[in-house]
Amino acid sequence: GAGVSQTPSNKVTEKGKYVELRCDPISGHTALYWYRQSLGQGPEFLIYFQGTGAADDSGLPNDRFFAVRPEGSVSTLKIQRTERGDSAVYLCASSVSGGAETQYFGPGTRLLVL
Amino acid sequence: QKEVEQNSGPLSVPEGAIASLNCTYSDRGSQSFFWYRQYSGKSPELIMSIYSNGDKEDGRFTAQLNKASQYVSLLIRDSQPSDSATYLCAVKGYGTASKLTFGTGTRLQVTL
């Protein structure tokens, strides 16, 4: 079946602009995760959804970052007033139910803030 | 101290040799452990998961877990050039904590 998909694959924006990154999880997966990966680092957790609700948003760096999952499937990560330090690859993952099982990653969105 | 520590490498091994990748973690309550492979410019891909002490084998890959020492390793037998990638160790905490905490990854180079 189809894996996790993310759009756009690349996004270039200017400092101060607003961006939205989209994630479409594997069909039937109730758990969805957002991670951010900077060059030379491992992925860093941002937020975890169980169904429509954010079960853990402890990784969001500040209030410029917000994510939604209104119908329990597709999720959007929103970044306001982007800064150059936000440049990274934003990875989305999904898993069956959010327990100990495997998280499957999407291809990522490479964000560059100029 | 980082929560999950890996040697960044590069670890260079000749084709056909065994590659040994190591990872230590700080949270003694961690329950689930994963090894992901990441090719340059690509997203992480699961190689192995391990949940209990001991060895778990899958083809050329063996994961080893020692919770007392807070140590998890990945052995790759008969290393191939296609195994050249960054290997990420990821740890999931206890109970309702579902997030993965990753190490910085070890870059493996398999030479001809």
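Scroll up a little and you will see the structure.
Rules and cut-offs
- Residues numbered from 1 in each chain as written.
- Chains lettered and ligands numbered in written order.
- Predicted model: local features only at pLDDT ≥ 70, side-chain atom pairs only at ≥ 80, totals over all residues.
- Heavy atoms only, no water.
- Helix = DSSP H or I, 4+ residues; strand = E, 2+ residues; numbered from the N terminus.
- Rg over C-alpha atoms; globule rule 2.2 N^0.38 Å.
- Buried < 20%, exposed > 50% of the residue type's maximum accessible area, 1.4 Å probe, protein only.
- Contact = heavy atoms within 4.5 Å.
- Areas by Shrake-Rupley, 256 points an atom, 1.4 Å probe, with all protein chains shown as cover.
- Pairing = 2+ DSSP bridges.
- Salt bridge = Lys/Arg side-chain N within 4 Å of Asp/Glu carboxyl O.
- Polar contact = N/O pair within 3.5 Å; in protein donor to acceptor, adjacent residues only side chain to side chain.
- Buried area = accessible area lost by both parts, 1.4 Å probe.
- Nonpolar A, V, L, I, M, F, W, Y, C, P; charged D, E, K, R; others polar.
- Axes fitted to C-alpha atoms, helices over the stretch in contact; angles between N-to-C directions.

### Some thoughts on the overall build of chain A
Across its full length, chain A holds zero helices and 11 strands. For chain A, the succession of helices and strands along the chain, N to C, is β-β-β-β-β-β-β-β-β-β-β. Since a compact globule built from 114 residues should have a radius of gyration of about 13 Å, the 13 Å found for chain A is in line with a globular shape. Each of the three principal axes of chain A carries a C-alpha extent, and together these read 35 × 25 × 25 Å. Scored against the burial criterion, the 114 residues of chain A give a buried share of 46%. The contacts in chain A between residues at least 6 apart in sequence include a share of 54% that link residues at least 24 apart. When the accessible surface of chain A is split by element, carbon and sulfur atoms take 50% of a total near 5,300 Å².

### Some remarks on the sheet that holds strand β7 (residues 61–66) of chain B
Residues and elements named next belong to chain B. Judged by pairing direction, the sheet is antiparallel, and its five strands sit side by side in the order β1-β3-β8-β7-β6 without closing on themselves. The open sheet has two free edges, formed respectively by β1 (4–5) and β6 (54–58), since each of these has just one partner strand. As defined by bridge partners, β1 adjoins strand β3 (residues 19–25) across two bridges and the pair is classed as antiparallel. Note on β3: the bridge partner recorded for V4 is Y25.

### Quick notes on the pattern of salt bridges
In a structure, side chains of opposite charge can pair up when their charged atoms sit close to one another. Here the structure, examined in full by the defined rule, presents six salt bridges over all chains. For R60 of chain B, the salt bridge identified is with D83 of chain B, shortest N-O distance 2.9 Å. Linking R60 of chain B in the loop between β6 and β7 with D83 of chain B in the loop between β8 (71–76) and β9 (85–92), this pair joins segments that are 23 residues apart in sequence. Among the residues examined, R60 of chain B registers a relative accessible area of 27% and is labelled partly exposed. When its relative accessible area of 1% is taken as the criterion, D83 of chain B is described as buried. What you see here is one network of salt bridges that share partners, running through R64, E83 and D86 of chain A.

### Some words on the pairing of strand β11 (residues 109–113) of chain A
Residue and element names in this part refer to chain A. Side chains T109, L111 and V113 project from β11 onto a buried face, and the interleaved R110 and L112 project onto a face without burial. By the bridge criterion, four bridges tie strand β2 (residues 10–13) to β11 in an arrangement that is parallel. Following the sheet pairing, V12 is matched in β11 by L112.

### Overview of the side chain of H29 of chain A
All names here are of chain A. With respect to the helices, strands and loops of the structure, H29 is situated in the loop between β3 (19–24) and β4 (31–37). In this structure the side chain of H29 is engaged in a polar contact, spanning 2.8 Å, whose partner is the side chain of S94. Apart from residues no more than four positions distant in its own chain, H29 is found in contact with R69, S94, S95, V96 and Y104.

### Some details on the interface of chain A and chain B
In this assembly, 22 residues from chain A lie in contact with 17 residues from chain B. Buried surface at the junction of chain A and chain B, both sides included, amounts to about 1,400 Å², of which 52% is carbon and sulfur. Linking chain A to chain B there are zero salt bridges. Summed over the shared surface of chain A and chain B, the result is four residue pairs in polar contact (both at pLDDT 80 or more). Broken down by secondary-structure element, the contributors of at least two residues to the side of chain A that touches chain B are β4 and β5 (44–50) of chain A. Broken down by element, the residue count for the side of chain A that touches chain B peaks at three residues, all from β4 of chain A. Looking at side-chain class alone, the side of chain A that touches chain B contains nine nonpolar, 10 polar and three charged residues.

### Remarks on the sheet that holds strand β1 (residues 5–7) of chain A
Backbone-to-backbone hydrogen bonds pair the strands of a sheet. The strands run either parallel or antiparallel. All names here are of chain A. One open sheet holds the four strands; their spatial order is β1-β3-β8-β7, and the pairing between them is antiparallel. The sheet is open, and its two edges are formed by β1 and β7 (65–68), each paired on a single side. Neighbour-to-neighbour, the strand axes of the sheet open up by a mean angle of 15 degrees, direction not taken into account. Pairing of β1 with β3, which is carried by three bridges, proceeds in the antiparallel orientation. When the bridges of β3 are listed, T7 appears paired with R22.

Limitation: the analysis is restricted to geometry and does not speak to function.
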